[in-house]
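Each chain, letter by letter, is given below.
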Amino acid sequence: MKAKEIRSRFLEYFAKKGHQVVSSSSLVPLDDPTLIFTNAGMNQFKSVFLGLEQRDYVRATSVQKCMRVSGKHNDLEEVGKDARHHTLFEMLGNWSFGDYYKEESIAWGWELLTKVYKLNADLLWVSIYKDDDESFKIWTEDIGFPAERLVRLGDLDKGDDENFWSMADTGPCGPCTEIHYDQGVAMKCDHPDGCQVGVCDCDRWLELWNHVFMAFDRQEDGTLVPLPMQSVDTGLGFERLAAVIQGKKSNYDSDLFTPLVAKAAELSGKKPEGEDKISMQVIADHARAVAFTITDGAMPSNEGRGYVVRRILRRAARHGHLLGMEEPFLWKVSELVIDEMGDAYPELVERKDRTLATIRKEEERFGRTLQSGLAVYGEFKEAMKKEGRTELTGEESFKLHDTFGFPVDLTAVVAEEDGFTVDRNGFAQCMEKQRAQSGSDRVFKAGLGVWQTLKDNTDLAGYTSTFTGYDRLCDSASAVAVRVAGKDSNDNDQSQILMESTPFYGTSGGQIGDIGTITLQPAGLEITVTGCEKSSEGNVLTIAEPADSLIEKLKKTDSVQMQVNATHRRDVIRHHTATHLLHATLREVLGDHVEQAGSEVTASRLRFDFRNDEAVKREEIARIEQIVQQKIMADFAVNTHAEIPLQEAREMGAMALFGEKYGDTVRVVEIVPGDNNITQDAKGPSIELCGGTHVAATGAIGPFRILSESSVSAGVRRIEAVAGNAALATVQADQKELKSLGTVLRPDGGSYTDQVQVLLNERQDLRKELAKLQQASAKASLEDVLNAPRDVAGYKVISALAPASDKGAFMQLGDHVRDRLGENGVVILAADLDGKFTLLVTVTQDLVDSKKLHAGNLVKTLAQAVGGRGGGRPNMAQAGLPDAEALQKALDMVDEVLAAQ
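Parameters at a glance
- Residues numbered from 1 in each chain as written.
- Predicted model: local features only at pLDDT ≥ 70, side-chain atom pairs only at ≥ 80, totals over all residues.
- Heavy atoms only, no water.
- Axes fitted to C-alpha atoms, helices over the stretch in contact; angles between N-to-C directions.
- Helix = DSSP H or I, 4+ residues; strand = E, 2+ residues; numbered from the N terminus.
- Parallel < 35°, antiparallel > 145°, perpendicular 65-115°, else oblique.
- Left-handed = near helix turned anticlockwise from the far one by under 90°.
- Contact = heavy atoms within 4.5 Å.
- Nonpolar A, V, L, I, M, F, W, Y, C, P; charged D, E, K, R; others polar.
- Expected span 1.5 Å × (residues − 1).
- Buried < 20%, exposed > 50% of the residue type's maximum accessible area, 1.4 Å probe, protein only.
- Core = buried A, V, L, I, M, F, W, Y, C linked by side-chain atoms within 4.5 Å.
- Pairing = 2+ DSSP bridges.
- Arc of directions from axis to C-beta.
- pLDDT = per-residue confidence, 0-100.
- Disulfide = S-S within 2.5 Å.
- Phe/Tyr/Trp six-rings, centres within 6.5 Å; stacked < 30°, edge-to-face > 60°.

**Notes on the packing of helix α11 (residues 352–387) against helix α12 (residues 394–404)**
- Orientation of α11 relative to α12, taken along the N-to-C sense of each, is 160°, at an axis distance of 10 Å. In terms of their interaxial angle, α11 and α12 are classed as roughly antiparallel. Of the two elements, α11 crosses α12, and the hand of that crossing is right-handed. Judged by residue contacts, F366, T369, S372, G373, V376, Y377 and F380 of α11 engage E396, K399, L400 and F404 from α12.
- Considering only residue class, the contact of α11 with α12 consists of six nonpolar, three polar and two charged.

**Focus on helix α7 (residues 274–295)**
- End to end, α7 covers 32 Å across 22 residues, agreeing with the expected 32 Å (1.5 Å per residue, within 8%).
- Burial runs high along α7: 17 of the 22 residues are buried.
- Immediately beyond the C-terminal end of α7, within one or two residues, lies G297, with a positive phi of roughly 100°.

**Comments concerning the nonpolar core**
- Core analysis: the largest hydrophobic core is formed by 83 residues, its most contacted members being Y117, L119, W139, W209, L241 and L330.
- In terms of residue count, α7 provides more of this core than any other element does, nine residues in total.
- Membership of the second largest hydrophobic core comes to 30 residues, among which are V589, F608, V669 and I719.

**Section: the sheet that holds strand β23 (residues 606–611)**
- Read from one edge of the open sheet, four strands run β22-β23-β28-β27, paired in antiparallel fashion. What marks the edges here is a single partner per strand, and that holds for β22 (596–601) and β27 (704–713). Put simply, the sheet's adjacent strands are angled 15° from each other on average, direction ignored.
- As paired strands, β23 and strand β28 (residues 716–723) are joined by six bridges and run antiparallel to one another. Within β28, the position partnered with F608 by the bridge is I719.

**What to know about unusual backbone geometry**
- Of note, the bond from Q521 into P522 is cis; its omega dihedral lies within 30 degrees of zero at 10°.
- Assignment of secondary structure puts P522 in the loop between β18 (516–521) and β19 (525–535).
- With a phi close to 60°, N824 is a non-glycine residue in the positive phi region.
- In this fold, N824 is placed in the loop between α22 (807–821) and β31 (825–833).
- Despite not being glycine, K851 has its phi angle at roughly 55°, a positive value.
- By secondary structure assignment, the location of K851 is in the loop between α23 (845–849) and α24 (855–865).
- The exposure class assigned to K851 is exposed, which follows from its relative accessible area of 60%.

**Quick word on the side chain of S254**
- Tracing the backbone through its elements, the reader meets S254 in the loop between α5 (238–245) and α6 (258–268).
- With a relative accessible area of 0%, S254 lands in the buried category.
- Leaving out residues up to four positions away in the same chain, S254 has contacts with A242, A243, Q246 and K248.

**Description of helix α19 (residues 725–742)**
- Between its first and last C-alpha atoms α19 spans 26 Å; for 18 residues at 1.5 Å apiece the expected length is 26 Å, and the two agree.
- By the burial criterion, the buried members of α19 are A726, A727 and T730. The arc enclosing the buried residues of α19, seen along the axis, measures out at 105°, which places them on a common side. Of the exposed residues in α19, the ones pointing more than 90 degrees away from its buried face are K736 and K739.
- Residues of α19 that are buried make contact with α16 (566–590), β27 and β28.

**What to know about the confidence of the model for the protein**
- For the protein, per-residue confidence averages 87 on the pLDDT scale, and 93% of positions sit at 70 or higher.
- Per-residue pLDDT stays below 50 along residues 438–447; that stretch engages in eleven contacts with residues further than four places along the chain or on separate chains.

**With respect to the state of the cysteines**
- Counting across every chain of the model gives zero disulfides.
- A disulfide-free cysteine, C690 has its sulfur positioned 16 Å from the sulfur of C532, the nearest such atom.
- Residue C690 is classed as buried on the basis of its relative accessible area of 12%.

**Some remarks on the environment of G306**
- On the secondary structure map, G306 appears in helix α8 (residues 304–322).
- With relative accessibility at 5%, the residue G306 sits in the buried group.

**Observations concerning the packing of aromatic side chains**
- By the definition in use, this model includes 20 aromatic pairs.
- Measuring from ring centre to ring centre gives 5.4 Å for F45 and F97, while their planes differ by 50°; the resulting arrangement is tilted. Placement of F45 in the loop between β1 (20–21) and α2 (46–49) and of F97 in strand β3 (residues 88–97) is noted, with a sequence separation of 52 residues between them.
- With 5.5 Å between their ring centres and 65° between their planes, W139 and F145 make a pair best called edge-to-face.
- Here W139 falls in the buried class, since its relative accessible area comes to 1%.
- Overall, F145 belongs to the buried group, its relative accessible area being 3%.

Written out as structure tokens, the structure reads:
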């Protein structure tokens, strides 16, 4: 059975059992800060299990793409070396949210494996938690599974959580039952306690399917409190299942990987044997990982998830290098990944060109970096030889890793070729230090505080406040609950109010929330609303008042009159609709590859991040601004379509933020030509999935101006712009500046631009003339020392404070002095370059060729002795020192250090 059929049969089976087939969520989690990548099928249902979200179904099934690059069995450096561990993998799963429980889950799992996939039942083993007698009974009595192949594991009282799953230290948890496959005695290990399920972790006992039964809520003291809703969460490893069904002992021998391994063999011209096969398996795994992660928006970079992608890509490139592939190749293997898996994951096909271009560009970048890194390694190698060392230090290997992107195993391989080893423990310590400094650990927060309901019989489970603000700014309703919301920027207590309904828009989708006032009736007490946030209960109003006092006031209130600040809302919606026009225009000017990567819409500006590999040219910026303004002047109608089925919206051409979660029905905002158009020159339309608020027609936006275009990260650009009143203010500020400029320029001297350019040219000429005079003066000041160089350890030495005005002049002065010495010369100059205390060392070429002296080593020794840092090439190097006193101390030490070297 082919992998594609295995995948589809799983979904078909559970669909027939009444499960909603849910598409895989993005690998880049949009609403869970605890995750770098989606790493389990249940991630997209986390808020459901926590009680923060309700779905319109209680049974779900999915095939989820996942990434794991750390933790037990997931050390990136080990992926590709064994039979079953990967970076990217697919997780088959089925879920029950308070519907069915153990009996159905176990029965269906058994039926699917033995009847549909036709696995040999005699080779299946089962493990359960030690006290889970209910599961034991289902397995042995209902299923008829032999008790001798059923193993009880775990003991929470003794700190052993085997077969007991927890979401975190506190929260939902429960026992689980795992189904294992016996791959035969030929795969057994020599564990001292015997090779058996629950004891060893070898490849004989292959864990296939884990069924988690969420039954408890673990408290902070460890107490297990029964949950009101019992749920099921299962995960079946797709790669392992495919290998077992196809009779393969290694996942890499299944048809998920064999085409990719064959492609690597074809490109390299080598056979998949021995160490070469391991490299090909690494390439196959990593080609899948980079294709999927980049498709989902994780672009290679030097931080966060982008760093993980870059590290995976470069490890694959390194293994290609070991196979003799010098040119970019991974993009070709990733293209095959897209062709093979595009049916199951259509986003791969939709973003194919951009994904492959990104991979190829990153490969080319690493090719250049590789050469630079090898050059630095060469310096380390020479130092080791001189010092009699045989081990590259942790700091040295970490520098190669951190600066040049060298995986530590690449450094180890290169070092091994020269007869050296790598201090991996020291490297690990450097990595841990960097992680500690990054402050990357974050905690998932289910909410801001506990809601205090204003009526005793109010149940907030599944409660949702109604938003009425699409067509009104004023409304009345009753307050439902209040909660503490921390402190504001002035350290004042804040609280939040949950209303039955509200016209206030809560911050979401990039649009900032409304501000305004509420008036408590009948007292007529007016309170300022400083913001509005979106929560699982709906839009909640933020009030700059302690919760306790607010509750007391609300309990005396019959109703609450809510008034949104109309000026603030108008300024926000101008920017929001302008963002849609900007998005459409970027695709029109730059190409359909442009996709939204983030946005922020406020009353004073808009920020739009989008995927584009290159900076937007100045003339393109001008054209984009002009087209957006034309669309505004055309007064296009802005139509909204509420409660549209998601599939219908996609067929309409509505653009969605990839990876964002949408319900079965969505709201569509469409900007189209209408009868009231002033001009038909501007193209339309724009159509996007959007829950935000907008102007009724584009003419209400007013002026539009782009303020800046910049880089956010690799492959992501950012435009900041203003519209309406904010744009008008920038125009007026520019006019004021021009008038002010006119007071200092000649009214009859031509255009302002021409006059300023003449002044700039004159200033540049004067600077050049001044630099020449300063350089001549500096050279003259060194004539005395040049005429009498010191003899130190056989070298002709010049060391002095130099009167240099800038770095360029300083470097030229060093070259001049060195060239005057001829041969066997060493120059050490010190200068205060506008507060930067700099030491320069340069040596004549004969000393470089004979390797008698290394300028980088010399400047490093001098700098370290006085509290500075430096280094450089054999012929020229420089260092930064802490102060002027350190400059003089370094010069005083020159003779002593040279004699020692």
